[in-house]
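# Analysis of the macromolecular model
Single-letter residue listing:
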Amino acid sequence: MRLIKRIGAIICALAILMSFAGCHKKDEIAVTVGDVEFTSAYYMCALVMADSEARNEVYEDLSDEEKTSDEVDYFSKKIDGKKYKTWVKDTAIEGLKEIAAYKTLCKDNKVELEKDVKEGAENYADYYWTSYGYQSILEPNGVSANTYKAYMTDAYYSSAYFEHVYGKGGEKEIAAADVESKLYENFEIVNMLEASFTDLSEEDIASLKTTFNKYMEDLKTGSRTFEEIYKEYNKIEDTEEEHNHEEEHNHEEETDADKEDEKELEPLDEYASIIGSEDTSYSSEQFETVKAMAIGEVKLVELEDNAGIILFVKKDIKADPYYLDNLDVTVRHLIKGDEYDKDIEKFAKTLKLQENKYATGQFKVEKIVYPEQAQ
């Protein structure tokens, strides 16, 4: 799970344009953990993630004055009592040990990634590579798209092994009743329409408030549906949806089984949004507000500091089996995630680590530079 957080951390930091030193072979093995080998390029990915995480950690602890400074001396800081450079290097290695633990346990238990999971991982990698600037940061430093895809895909071995242990039929299977109880405790679904007041004039803000109040009254009286209001606010014409449906019908004909599978995966209300408690990946500051609402209740919430406005219609998450199926693994992680992480960490310590310092030595934390520094 920590690996996935590190993948997300780079979006905030967008760190690294690193120099290579010496002559190194393509696909050179930099680190071996147990039977799992990691190339120099792969090691660099781990170092990037660790450095990004470190900079985020440091930034969170800076004073308001330091945050507005043009330069932050990261290398003078400590994280968890360690010098900055030491923490980054140690965290990169720990990340590789975690990956090796997931992959080793999956191999030993004959757990493989499903085809659609691999394809999903690669699609996410492609998206981050092209849309979040990863290519411009990593490619000049010898990391190909394929290496990055491998790094992203490996993160999914954690979920695969978790499901093997705690999922349906697993040796530590979590009771269905416990999953259901945890789901309804930490998640709700709503129809939601929101507007930000950022950079708006007082006149525009007043106009938006009037519009949203009218929407609320229409929903309460039943004169209009949320779908009608949503389309009006977002300026969606019915002809657009009809065109999309026509395109779908032009796709290759599906089997009855395929259609049934797709039907099962679709929520009953296409306009419903999931919001969760603070312990979830769907965390929302409005969760407690929605939790206290009655099913079908309509509520207008004005955000603090005149930041914006949100219109809620609470839906019944228990009435749609889609969420019990779709959030199954997420909820199981809420219940047993901490236990799982500790077990993985314990197993990782049993794997022998071999570091090719000639290969890893070319990557110096102090040589990591940000794009603006490299111009």
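Here goes a summary of the coordinates provided.

Analysis parameters
- Residues numbered from 1 in each chain as written.
- Predicted model: local features only at pLDDT ≥ 70, side-chain atom pairs only at ≥ 80, totals over all residues.
- Heavy atoms only, no water.
- Pairing = 2+ DSSP bridges.
- Helix = DSSP H or I, 4+ residues; strand = E, 2+ residues; numbered from the N terminus.
- Axes fitted to C-alpha atoms, helices over the stretch in contact; angles between N-to-C directions.
- Buried < 20%, exposed > 50% of the residue type's maximum accessible area, 1.4 Å probe, protein only.
- Contact = heavy atoms within 4.5 Å.
- Phe/Tyr/Trp six-rings, centres within 6.5 Å; stacked < 30°, edge-to-face > 60°.
- Lys NZ or Arg CZ within 6 Å of the ring centre and 35° of its normal.

### A look at the sheet that holds strand β5 (residues 187-196)
- If you trace the four strands from one edge of the open sheet to the other, you get β6-β5-β8-β7, paired in antiparallel fashion. Pairing within the sheet leaves two strands with one partner each, and these edge strands are β6 (272-276) and β7 (298-302). Each strand of the sheet is rotated relative to its neighbour by a mean of 40°, with strand direction disregarded.
- Pairing of β5 with β6, which is carried by five bridges, proceeds in the antiparallel orientation. Along β6, the bridge assignment pairs V190 with S273.

### Examining the environment of A175
- The topology assignment puts A175 in the loop between α7 (145-166) and α8 (176-186).
- The partly exposed category is assigned to A175, whose relative accessible area is 40%.
- Considering only alpha carbons, one finds A175 and R332, 157 residues apart in sequence, at a separation of 9.6 Å.

### Observations concerning the environment of W87
- One can find W87 in helix α4 (residues 84-108).
- Remark: the alpha-carbon pair of W87 and A50, spanning 37 residues in sequence, is separated by 8.3 Å.
- Setting aside anything within four residues of it in sequence, one finds W87 in contact with A50, E53, A54, I79, D80 and K82.

### A word on the pairing of β7
- With five bridges joining them, β7 and strand β8 (residues 308-314) adopt antiparallel strand pairing. The residue bridging L300 from the neighbouring strand is L311, located in β8.

### Things to note about the sheet that holds strand β2 (residues 36-39)
- Spatial ordering of the open sheet is given by β2-β1-β9, a layout of three strands whose pairing is antiparallel. Of all strands in the sheet, those bounded by a partner on one side alone are β2 and β9 (353-355). The average angle at which neighbouring strand axes cross in this sheet is 15°, direction not considered.
- Strand direction decides the pairing type here: strand β1 (residues 29-33) and β2, joined by four bridges, are antiparallel. Directly across from V33, in β2, lies its bridge partner V36.
- Across the sheet, helix α2 (residues 40-61) touches β1 and β2, and the angle it forms with β2 is around 80°.
- Its contacts with the sheet place α4 against β1, β2 and β9, and it is angled at close to 140° to β2.

### Re the packing of aromatic side chains
- Scanning the entire structure with this criterion turns up 23 aromatic pairs.
- For the ring pair Y127 and Y132, a centre distance of 5.8 Å and an interplane angle of 85° mean the geometry is edge-to-face.
- By relative accessible area, which is 33% here, Y132 ends up partly exposed.
- Consider the rings of Y128 and Y132, whose centres lie 5.2 Å apart with planes at 55°: the pair is tilted.
- Y128 gets classed as buried once you look at its relative accessible area, which sits at 19%.
- Three or more aromatic residues link up through ring pairs in this structure, and these residues are Y127, Y128, W129, Y132, Y134 and Y148.
- One Lys or Arg, R55, reaches over the ring of Y74 and ends 4.3 Å from the middle of that ring.

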